[in-house]
Amino acid sequence: MFLKWFLTGENKPRIQDQARIKKMYRSARIQAVTAMILGYGMYYVMRMTLGVAKKPMIDDGFTPTTLGLMGAGMLVAIAIGKFANGFIADHCNIKKIVPAGLLGAAIVNTILGFSDQAWVFILMWIINGCFQSMGSAPCIVSLSQWFSKSQLATWYGIFGIAHYVGEGATYLGTSFIIVALGWHAAFFVPGIVCIVLAFIMFRFMKDRPETYGLPSANEFEGEIVQEKKEQKISTREAQLMVVKNPFIWLLAAAAICLGISRYSISSWGVIFLQESKGLSLTEAGTLMSLSPIMGGIGSVLSGIVSDKVFHSRHSITTIVFGCVMLVGISMFCFVPNSKLLIMAAIIIYGLALGVMLTFVGGMLAVDISPRKATGAAMGMIGLLAYGGAALQDIVNGLLLDSAKTVVNGVVSYNFDTIMTFWIGSVAIMTILIVPTIWAKRHNKDEEDDAEQG
């Protein structure tokens, strides 16, 4: 009975008043997108505190390997959960599942704010990962329900701001909370705030348009041909098509590399700047906050740039910005200890990451998938992306421990091998995107063969 509460509602009789339909669509879209951006942004606050608090936690007795295992445990839980929740979300009321995940993550963080035990952190951080997996794929399902296929790239990019709202709030807010109140407060203060935000999110998110008596988004926007194609197959058939699509798996492989590079910088970037560039915690946190700011700009512009500059050839857009991201992460690793040069590197990296998260993080897969299987496509991408994210936490932790030196009682860490790991992941990701240039042509040939058969 409890699980049935999460299922999408029944379709209501269609509203005939066109003026009312337009008003309801406009209001619902604004409320839902705003709630998802702010709410899912707070998901990131609930998962990224560990990345900012690493240095003081190490000073308090936690080892890099232990912290790596904590992060990896959460990310493995997110990977598995995203895969499951992606397929489940195609059948669910998104208004219920996403706020429930934020509420659970907030309660976990609040509990951790009063703990010092490594085993408690490992266990609760895994549970946090389970709740974290209830956010991204369901949100993209909601976007695909409320916006037509032709609008999705633009709104996907706008929703991508959520990542950077959360990251920016974490880098800036958490750093100052730690300095003012200690690292424990960095967990329980945001946790309490997010408990309240979860209920606000529930108030403003929406179920499918049809459950309010509205037409589907494709029909509302006059994309009747696309809607007829969508209605020819069931949700189960659409999901099976996604699983069998080789280009989805190729994108998922690229997502592994994206997960490695993205979470390497977000989880270990602050301590890298402290150890390798000699910056203080607040200096490192402030500089790293530029990455989500630029990422948000990149995310918003990604769909527009791809449509206007690259004429909706999203794979070409992704390859170009993959190369830009490679330049940014290389600069981040190798520039001299100059705040200005580090700032420039983070700006370039963050801008490109915003575009890559939009397209490799799901838009390319969603673009070549039926609307009814949006969650399944996101689940497959999420499974391997967070598998890569989990891998990086283990590898980075082990590499950092192995590169530890102690001179006159002072502990320091060497990042040479780690930097190669970071840069290589971006290069491989970009190469893996190249074959997807022909993905839409492949899908069209398959559709034509099916019609002829």
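Residues numbered from 1 in each chain as written. Predicted model: local features only at pLDDT ≥ 70, side-chain atom pairs only at ≥ 80, totals over all residues. Heavy atoms only, no water.

Remarks on the environment of A252
Part 1: Position of A252 among the secondary structure elements: in helix α12 (residues 246-276).
Part 2: The spacing of A252 and Y40 is 212 residues in sequence and 22 Å in space, taken between C-alpha atoms.
Part 3: Apart from residues lying up to four places away in sequence, A252 is in contact with M380, I381 and L384. (Helix = DSSP H or I, 4+ residues; strand = E, 2+ residues; numbered from the N terminus. Contact = heavy atoms within 4.5 Å.)

Structural notes on helix α13 (residues 281-288)
Part 1: What α13 keeps buried is the set L281, A284, G285, L287 and M288. The arc that holds every buried residue of α13, seen down its axis, measures 165°, which confines them to one face.
Part 2: In this structure, the buried residues of α13 make contact with α1 (18-59), α7 (161-181), α12, α14 (290-308), α15 (314-334) and α16 (339-367). (Buried < 20%, exposed > 50% of the residue type's maximum accessible area, 1.4 Å probe, protein only. Arc of directions from axis to C-beta.)

Overview of the nonpolar core
Part 1: Of all hydrophobic cores here, the largest spans 138 residues; its most connected members are L273, Y386 and W422.
Part 2: Among the elements that line this core, the one with the most residues is α1, at 19 residues. (Core = buried A, V, L, I, M, F, W, Y, C linked by side-chain atoms within 4.5 Å.)

Quick look at the side chain of K206
Part 1: Along the polypeptide, K206 turns up in the loop between α8 (185-204) and α9 (217-220).
Part 2: Summary of buried charges: K206 has no salt-bridge partner, and the nearest side chain of opposite charge, D207, is 11 Å away.
Part 3: At 3.2 Å, the side chain of K206 forms a polar contact with the side chain of Q31.
Part 4: Residue contacts for K206: discarding those within four places in its chain leaves A28, Q31, A32, N93, I94, K95, S142, W146 and Y212. (Lys, Arg positive; Asp, Glu negative; His and termini not counted. Salt bridge = Lys/Arg side-chain N within 4 Å of Asp/Glu carboxyl O. Polar contact = N/O pair within 3.5 Å; in protein donor to acceptor, adjacent residues only side chain to side chain.)

Notes on the packing of aromatic side chains
Part 1: Per the stated rule, a full pass over the model turns up 19 aromatic pairs.
Part 2: Taking 5.5 Å as the distance between ring centres and 70° as the angle between the ring planes, the aromatic pair formed by F272 and W422 counts as edge-to-face. With F272 in helix α12 and W422 in helix α18 (residues 416-433), the pair connects residues that are 150 residues apart, well separated along the chain.
Part 3: Of the residues examined, F272 reaches a relative accessible area of 0% and is grouped as buried.
Part 4: Put simply, the rings of F62, F121, W125, W183 and F187 touch in pairs and so form one group of aromatic residues.
Part 5: For K54, the ring lying beneath its charged end belongs to W268, and the centroid distance is 4.5 Å.
Part 6: Over the aromatic face of F204 sits the side chain of R203, whose NZ or CZ is 4.7 Å from the ring centroid. (Phe/Tyr/Trp six-rings, centres within 6.5 Å; stacked < 30°, edge-to-face > 60°. Lys NZ or Arg CZ within 6 Å of the ring centre and 35° of its normal.)

Looking at the side chain of K82
Part 1: Secondary-structure assignment places K82 in helix α2 (residues 64-89).
Part 2: Among residues more than four places away in sequence, those in contact with K82 are Y40, S133, S136, G379, G382, L383 and Y386.

Section: the pattern of salt bridges
Part 1: Taken as a whole and judged by the stated rule, the model has four salt bridges.
Part 2: The shortest N-O distance in the salt bridge between R14 and E219 comes to 3.1 Å. Pair noted here: R14 is in the segment before α1 and E219 is in helix α9, with a separation of 205 residues, a long-range link.
Part 3: Among the residues examined, R14 registers a relative accessible area of 41% and is labelled partly exposed.
Part 4: The salt bridge partner of E210 is R208, with a shortest N-O separation of 3.5 Å.

Description of the packing of α7 against α13
Part 1: Orientation of α7 relative to α13, taken along the N-to-C sense of each, is 165°, at an axis distance of 8 Å. As far as their axial angle goes, α13 and α7 are roughly antiparallel. For the pair α7 and α13, the sense of crossing is left-handed. Facing α7, whose interface residues are Y171, L172, S175, I178 and V179, α13 presents L281, T282, G285, T286 and M288.
Part 2: The residue makeup of the contact of α7 with α13, split by class, is six nonpolar, four polar and no charged. (Axes fitted to C-alpha atoms, helices over the stretch in contact; angles between N-to-C directions. Parallel < 35°, antiparallel > 145°, perpendicular 65-115°, else oblique. Left-handed = near helix turned anticlockwise from the far one by under 90°. Nonpolar A, V, L, I, M, F, W, Y, C, P; charged D, E, K, R; others polar.)

As for the environment of I329
Part 1: Within the secondary structure, I329 sits in helix α15.
Part 2: Once residues within four sequence positions are removed from consideration, I329 is found in contact with S261, I265, Y349, W422, I423 and V426.

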